[in-house]
Amino acid sequence: MNKNLLDDILKSMQDNNYKIVELETTTAINERKNGKVFSFNEHVEALIWSLLSNQRPWKGISDNKNNIRKIFHDFDYKYILNTDPDIFTSRLKQIKCGNRAIKKQMQSLNYNINVLLKIEAKYGTIDNYISSDEPHIIAKQISSGCYKLKQIGFPLAMEYLRNVGIDTIKPDVHICRILGSDRLGFSNCSNAKEKEAVEIIKKLSNNSNLSLSEIDYILWQFCADGYAEICTKNQNVNYVEQVRIVIIINNFFINLIYDIIVNEKEPSNLTKFLIEKE
């Protein structure tokens, strides 16, 4: 197998003092593939994680997951319904896990949980509902449609679905930027539009046989604060390095089916390979 492409990607990360990490959503996706049905409390948990990820670096949230679980009593929805939302806001701020909308987000929990309860009453389980249509359609319904959740836009809706094991992407600023005309050039816009980003990664997935979440996983870690930080808003590498990385990533996707799928058999081996190479 030609390992040069992955070796170059890893070298770029290592040159930027980056250590490969496996994201939490990988576990949820694998669990769903293996037949897990997510409980109501787990859906509430997934929704809260998506809210907390809004407009801030994820690493600070990830590093405080145990503390956040304690704040929400392991995401017991009955406890959340019966607790003053200002308590959640205050405690999250104390551990520096707030964001610009944290007060409104916590105030929305009561309403949003009741929407989820209505969905459960109609479909039997929330899992039945989120599996009833394509992820982008479900995301549209809960971000702007018949089951609109407060403080949840399309990217956060997609993040919520991924948190409960749905194989999809979160078209956040990092993904939209790297797919744009100034970076990888998959879009004619400098930043790809949210739904355009979903379609672009779908095509990449179809061409490579990699899952949507795996492609999202690679690109996001190249960009995100606290992770590789190679393709940020303000580049922290010189122009030659930027061009080299763009070429590496493009070649990486072009050759994925040969270099990864044909030889490694299972898409999940991509993550294993990257972790082992680190």
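## So, the nonpolar core
Counting residues in hydrophobic clusters, the biggest one holds 67 residues, and the most contacted among them are L52, I68, F72, L92, I130, Y160 and L179. Every residue in contact with L179, bar those within four places of it in the chain, is listed here: G185, F186, S187, A192, A197, I200, I201 and L219.

## Details of the environment of D225
For D225, the location among the structural elements is in the loop between α14 (212-223) and α15 (239-254). Its relative accessible area of 37% is what places D225 among the partly exposed residues. Remark: the alpha-carbon pair of D225 and P57, spanning 168 residues in sequence, is separated by 5.8 Å. Ignoring sequence-local partners within four residues, the contact set of D225 consists of P57, H174 and T232.

## Topic: helix α8 (residues 102-123)
Look at α8: 30 Å from first C-alpha to last across 22 residues, which is about the 32 Å you get at 1.5 Å a residue. When the local axis directions of α8 are compared, the greatest deviation, roughly 40°, occurs at L109. Looking only at α8, the buried set comprises I102, Q105, M106, S108, L109, N112, I113, V115, L116 and I119. Looking at the buried positions of α8, the neighbouring elements they touch are α3 (40-52), α6 (77-81), α7 (85-94), α9 (126-130) and α11 (154-163). G124 sits one or two residues past α8 and shows a positive phi near 95°.

Cut-offs used in this document
Residues numbered from 1 in each chain as written. Predicted model: local features only at pLDDT ≥ 70, side-chain atom pairs only at ≥ 80, totals over all residues. Heavy atoms only, no water. Core = buried A, V, L, I, M, F, W, Y, C linked by side-chain atoms within 4.5 Å. Buried < 20%, exposed > 50% of the residue type's maximum accessible area, 1.4 Å probe, protein only. Contact = heavy atoms within 4.5 Å. Helix = DSSP H or I, 4+ residues; strand = E, 2+ residues; numbered from the N terminus. Expected span 1.5 Å × (residues − 1). Bend = angle between axes of the 7 residues up to and from the residue.

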